[in-house]
Amino acid sequence: MSPLLLKLLGVKIDGAANISGVQLALRNSGALGWIVALGFLLAALTWVSHWRDAREIVTERRRRILTGLRILLFALLLLLLLRPVLAFTVEGSIRRGLVTLADVSASMKIQDPRFDEADLKRAGIAKGELDARKGLSQPLDPAKAAGLKLIPRIDLLKAALKNGDLNLYGKLGDDFDLSAFTFGQRLTDLAGDANGTGGGAAAWIDRLAASEPATALGDALRELLTRKRGQPLAGIFIATDGASNAGIDAMEGARLARQEGVPLYIYGVGITSPRDIIVGNLFTQEVAFVKDELPVTVRVRGQGLKGQSAKIVLHLGDEVVASKNLTFENDDEMTVALPFTPKAAGEFELRASIDPREDEASKENNSTSQRLKVIDSKIKVLYFESTPRWEFRYLQSVLLRDRRLDVKCVLIEGDPGITEGEGSPYIPKLPQTKEELFKYDLLIVGDVGPKDFVGEQMQWVSEFVSKFGGSCLFLAGARNGPQSFRDTPFEKLLPVELGEKSVAPSGPERPTTLELTPQGRTSPLLKLAPKEDENASIWQHFPRVYFTARVGRAKPAAQILLQDSDPAKATKYGKMPVIAFQQFGLGQVLYVGTDNTWRWRRNSNDRYYPMLWGQIAQKMGLQHILGGSKRTQLTVDKQTYTTGERIAAYARLYNADYTPVHEPTVAAGYVVPATHARQEITLRAVPEQPGMYRGDFVALAAGLHQFSINSDSATVIEFNVTEPQFELGETAMNETALKQMAEVSGGAFFREETLYKLPETVRGKTEKVQSTVDAELWSSPLFFALLLAVSSVEWFLRKRSQLK
C-alpha cells in the first residue's frame, strides 16, 4: 500500500514494517439494520424525485448520473453513523543482537596442507582470490593456488571476516546490533565496537590470536546464553574448527541455545580430512627395574594415511631402546607395544615419537613422553604363613618367579628340612631382631595368629610400617582370619574394623562374586588394563570365591577397593570390604579378605593372576626402597601434568622421634625450570590424619619441577609438566558435529562457498513481530475528501442542469 494512501487514512507505519493484511470493521454495527433501512428509503425517494420532477428538464443519461451521485452521497453520510475502521495487520521485526563467537584455541594455528582442489578454492574464496558467489565450480589460477596451500586456520578466519566481497559485517550491521566474543578454555568479551566494517570490526578481527590451550565450546555457549538472557538475539555466529575437548559437550550447548530460541550459524574453518600422525598416550609404570623387561604401550593414529607406513621409536633419555614399523589401515587409533629392558639405573625421560611428514597438518603431535625411574635393587619380601594352603602355594610360585622380588618364606607347619636346601626360599622363623626385620620392604602376613609371634615381633611390624615406611599385606584365612588380631598391635594396622565377634559359619560358604568400588576402578594396585572399562570387564569375569573373612566397615582413612556383592554380609555401612588400603604412619597396609584368589588362574585368567600379585608386591614394596623410611615423605597425585593443571602435593612429616608433626601449616615450595626461582606455597594439615599436609598450586611452566619442604630441603620429589596436547589430538575440522549443532539449534552450517548467504539466512530466520494498527475511516482525511468530491460533483451537475 502506497505511503500517500496510508497518510490519507491517517496511519503511521515504520518504513521497515510490512502490511500483511487489512480488515474492515464497524464500530457502530448495532445500528446497522436501521441505517440500511434508512438508506433504502433515501435511495427510493431520490429515484422518485429525479425521475418524476426532472423528467421534462434533464436527459435520461444525466438523470441516471445525478441519481447515482445522490445515492452515493447519502451512503457516505450514513456510513459515518456506522463509524467504519480499517484494521491493518503490520508485520515487522525489532532490532536484535547478533553475537560473533570466534575460536582462538591452539588448534586454530594449524596450517592445513591443502592438496584437494575444493579446499584450495575454499581458501581462495576466503582470501578474496575467487568470487564468493560462483562457488567451487570456478577455475583457480595455478599461480594463486601455490599461495593457498598452507594458511593457518586463524588467518583464514580473519580473511573471511574482512573480505570486502563477502562484506559480512557491513550487511549484518545494517539489520542487527553486533557484538563479538572469543572462546577457547574460557569466554572473552572483546572490547570495542564490533559493528560495521570500519575500524571497530577490523580492530577486533586483527586482534584474534590462537593461543588457548583447550576448547570448551559447550561451556562458552552456556556462559554466553546466560550473559545475554533477556536480550533479543537473532542468533550466534560461531567460527570454529569444531574441536571441543573441555567442559560440557558442545551438543549440550546447542540444545541450550535451542531452549533459549537462539539459532547457531556455524562457519566451519579447516579441512575435513587432513593428513596427520598423532602419537597419543604412553602407558607404562613410573618405576622400573634394571635388566627387567618393561612393558610399554603407545597409542597412535594415522589420519588420512590409509596404506601409508611409519616408524615409531622409543627413546630412554638419548638412547633408542625400541622401535617398530607401522602401517596405517584406517583413521582408528592403534595400540603399539614397545617393551624394552633398562640396562642402567637412574631417572630418564621416556619418549615415543614418529618423524613428521611434510604433508602433515601438525608436526607438534608426533611425540609423547613421561618420566621413568630405573632402580637397581630387588624388593625384599617376607611371607609368614602357617600351612601350605592353596593360596600360599600359588602366590609363592608367582612371587618366586618375579625377578623384581627377593622372597623369603616362613612356613610354621612346614617340614623343617625345606630350609636346608641350597637356594631355598624358606627360613626357619621370623627375624629375632628389629634390625633384621627392617631389612625387608614388604611383609605378607598370612593365616597366622598372635600365638605365632614371639615377644615384641607384632610391635616391631607395627613400627616397621608406621615409623620406617615399610609395607604390610594381610592375607586372610579360614583358621585365624583377621579376627584373631583383636586387641593386638595388628588391629590398629588393619585398614578395616573387626566389628563384633562372630561365630564362623559351619560348613562351606556359598560362592560369591567380588566387585570393584569406584576407588578400586582407579587404583594402580588392581589395574589390569590401561582403560578403566577394560579393567572393570576383566574383574567382572573373574570366577566366584568361596571364602571372604567377616569384618566390619573400612576405617575412616582407608580406601575400599574390592567388596563382597552378597547383601547378606553387608552391614548398615554398606557392602563388606574384601580388599582395603590405607596409609599408616610412614608406611602402607593392604588387607585382602579372601584366600581364594588362586581360583582366578582358571582358563584365560592365568595371565592376570601373576600380573595382579606382581604389581601389588611391586607397588607396596617400592615405597620402602624409594625412601619411605625418611621422616619427610612427599607425594603428588601423579607424575606428569600439563601447564595450567592444578597439582595436589602431599607431605607426611614426622619429628626426630617419629611422632607426627602437629603444626597447622608448613612452608614448602617448588623450583620453576624456566627461571630456577623457588615459588613458595603453604601446606595445611589434613583433618584426622596426624602428620599429613596438603597444598594445591597450578603448574604454569613446562619442564621438570622439584618440590620440597622448607624444613627439609634435602628431600625432594620431582614431577614433569608438559604443554597440553588437547588441541592436537584431533586435527580435522569436525564438520559432522558442527552440522548437527546447527540443525539442533535451528540455525545453519556454512563453508566458504556458502558464507555469502549468511546475512540473508539470518534475516530469513529472524522471528517476525505482528501488530494491528486501526485507521478510523469515518474520521480520516480520505473519507472527508471523498464526501466533499461526491457532493461537489453533484452540485455542479445540478447547476448545469438548472435544477434546484
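This one's a predicted model, so the numbers in the text were calculated from it and none came from an experiment.

(A) Summary view of the overall build of the protein chain. Helix and strand counts for the protein chain come out as 20 helices and 35 strands. Residue burial in the protein chain is summarised as follows: out of 804 residues, 50% are buried. Counting only contacts in the protein chain whose residues sit at least 6 apart along the sequence, the fraction spanning at least 24 positions is 75%. In the structure as shown, the protein chain presents an accessible area of about 38,700 Å², 51% of it carried by carbon and sulfur atoms.

(B) Main features of a nonpolar patch on the surface. Judged by side-chain polarity, Leu-26, Leu-32, Val-36 and Phe-40 come together as a nonpolar surface patch covering roughly 340 Å² of accessible area. As for its position among the elements, Leu-32 is in helix H2 (residues 32-53).

(C) Molecular detail of the nonpolar core. With 46 residues, the main nonpolar core has Leu-473, Trp-539, Leu-590 and Trp-613 as its most contacted residues. Residue contributions to this core peak at 8 residues, all from helix H17 (residues 608-625). Beyond its immediate stretch of four places on either side in the chain, Leu-590 contacts Cys-472, Leu-473, Phe-474, Leu-525, Leu-561, Ile-579, Ala-580, Phe-581, Ile-616 and Met-620.

(D) Examining the sheet that holds strand E12 (residues 297-303) more closely. The 3 strands are arranged E10-E12-E15 in an open sheet whose pairing can be described as antiparallel. Each edge of the open sheet is held by one strand with a lone partner, namely strand E10 (276-283) and strand E15 (334-337). Averaged over neighbouring strand pairs, the angle between their axes works out to 30 degrees when direction is ignored. Of the strand pairs in this sheet, E10 and E12 are connected by 6 bridges, and their pairing is antiparallel. Each bridged residue has a counterpart across the sheet, and for Asp-276 the counterpart in E12 is Gln-303.

(E) Quick peek at the confidence of the model for the protein chain. Averaged over every residue, the pLDDT of the protein chain is 81; the share at 70 or more is 87%. Confidence over residues 193-200 falls short of pLDDT 50; this stretch has 19 contacts with residues more than four positions distant or in other chains.

(F) Focus on unusual backbone geometry. Of note, the phi angle at Lys-291 is positive, near 60 degrees, even though the residue is not glycine. Within the secondary structure, Lys-291 sits in the loop between strand E11 (287-289) and E12. Judged by its relative accessible area of 63%, Lys-291 falls in the exposed class. Positive phi, normally seen in glycine, also occurs at Asp-487, with a value near 65 degrees. Mapped onto the elements of the fold, Asp-487 is located in the loop between strand E21 (471-475) and helix H14 (489-493). Judged by relative accessible area, which is 69%, Asp-487 ranks as exposed.

(G) Local environment of the packing of helix H3 (residues 60-82) against helix H20 (residues 781-800). Closest axis-to-axis distance for the H3/H20 pair is 10 Å, and the angle between their directions is 150 degrees. Judged by the angle between their axes, H3 and H20 are roughly antiparallel. Where H3 crosses over H20, the handedness of that crossing is left-handed. On H20, the residues touching Arg-62, Ile-65, Leu-66, Leu-69, Arg-70, Leu-72, Leu-73, Leu-76, Leu-77, Leu-79 and Leu-80 of H3 are Phe-783, Leu-786, Leu-787, Val-790, Ser-791, Val-793, Glu-794, Leu-797, Arg-798 and Arg-800. Across the contact of H3 with H20, the residue classes break down as 15 nonpolar, 1 polar and 5 charged.

(H) Representation of the environment of Thr-335. Along the chain, Thr-335 turns up in strand E15. The exposure class of Thr-335 is exposed, given its relative accessible area of 56%. Residues Thr-335 and Val-300, 35 residues apart in the sequence, show an inter-C-alpha distance of 6.4 Å. Beyond its immediate stretch of four places on either side in the chain, Thr-335 contacts Thr-297, Val-298 and Arg-299.

(I) Local environment of the pattern of salt bridges. Taken as a whole and judged by the stated rule, the model has 26 salt bridges. For Arg-229, the salt bridge identified is with Glu-260, shortest N-O distance 3.1 Å. Here Glu-260 lies in the loop between helix H10 (250-259) and strand E9 (264-268) and Arg-229 lies in the loop between helix H9 (217-227) and strand E8 (233-240), a separation of 31 residues in the sequence. Overall, Glu-260 belongs to the partly exposed group, its relative accessible area being 37%. A salt bridge links Arg-553 to Glu-497; its shortest N-O distance comes to 3.3 Å.

(J) Just the pairing of strand E29 (residues 665-671), in detail. When E29 meets strand E30 (residues 678-685), the two strands line up antiparallel, connected through 7 bridges. From the neighbouring strand, Ala-668 faces E30, where its bridge partner is Ile-681. Bridging between E29 and strand E32 (residues 703-709) involves 4 bridges; their strand directions are antiparallel. Bridge pairing links Ala-668 to Ile-709 in E32.

(K) Seen up close, helix H13 (residues 457-466). The element H13 is extensively covered by neighbouring structure, given that 9 of its 10 residues are classed as buried. When we look at burial in H13, the residues that qualify are Gln-457, Met-458, Trp-460, Val-461, Ser-462, Glu-463, Phe-464, Val-465 and Ser-466.

(L) Summary view of H20. When the terminal C-alpha atoms of H20 are compared, their 28 Å separation across 20 residues agrees well with the 28 Å that a helix rising 1.5 Å per residue should span. Taken as a whole, H20 has its buried residues at Phe-783, Leu-787, Val-790, Glu-794, Leu-797 and Arg-798. Looking straight down H20, one finds its buried side chains confined to an arc of 110 degrees; they lie on one side. Opposite the packed face of H20, turned more than 90 degrees from it, sit the exposed residues Leu-788, Trp-795, Lys-799 and Arg-800.

(M) Structural detail: the packing of helix H4 (residues 117-127) against helix H6 (residues 153-162). The N-to-C vectors of H4 and H6 enclose an angle of 50 degrees; their axes lie 7 Å apart at closest approach. Here H4 is positioned oblique relative to H6, judged by the angle of their axes. Judged by residue contacts, Ala-123, Ala-126 and Lys-127 of H4 engage Leu-156, Ala-159 and Ala-160 from H6. Considering only residue class, the contact of H4 with H6 consists of 5 nonpolar, no polar and 1 charged.

Reading the values: rules and limits
Residues numbered from 1 in each chain as written. Predicted model: local features only at pLDDT ≥ 70, side-chain atom pairs only at ≥ 80, totals over all residues. Heavy atoms only, no water. Helix = DSSP H or I, 4+ residues; strand = E, 2+ residues; numbered from the N terminus. Buried < 20%, exposed > 50% of the residue type's maximum accessible area, 1.4 Å probe, protein only. Contact = heavy atoms within 4.5 Å. Areas by Shrake-Rupley, 256 points an atom, 1.4 Å probe, with all protein chains shown as cover. Patch = residues over 30% accessible without salt bridge, like charges linked within 9 Å, V, L, I, M, F, W, Y side chains within 5 Å. Salt bridge = Lys/Arg side-chain N within 4 Å of Asp/Glu carboxyl O. Core = buried A, V, L, I, M, F, W, Y, C linked by side-chain atoms within 4.5 Å. Pairing = 2+ DSSP bridges. Axes fitted to C-alpha atoms, helices over the stretch in contact; angles between N-to-C directions. pLDDT = per-residue confidence, 0-100. Parallel < 35°, antiparallel > 145°, perpendicular 65-115°, else oblique. Left-handed = near helix turned anticlockwise from the far one by under 90°. Nonpolar A, V, L, I, M, F, W, Y, C, P; charged D, E, K, R; others polar. Expected span 1.5 Å × (residues − 1). Arc of directions from axis to C-beta.

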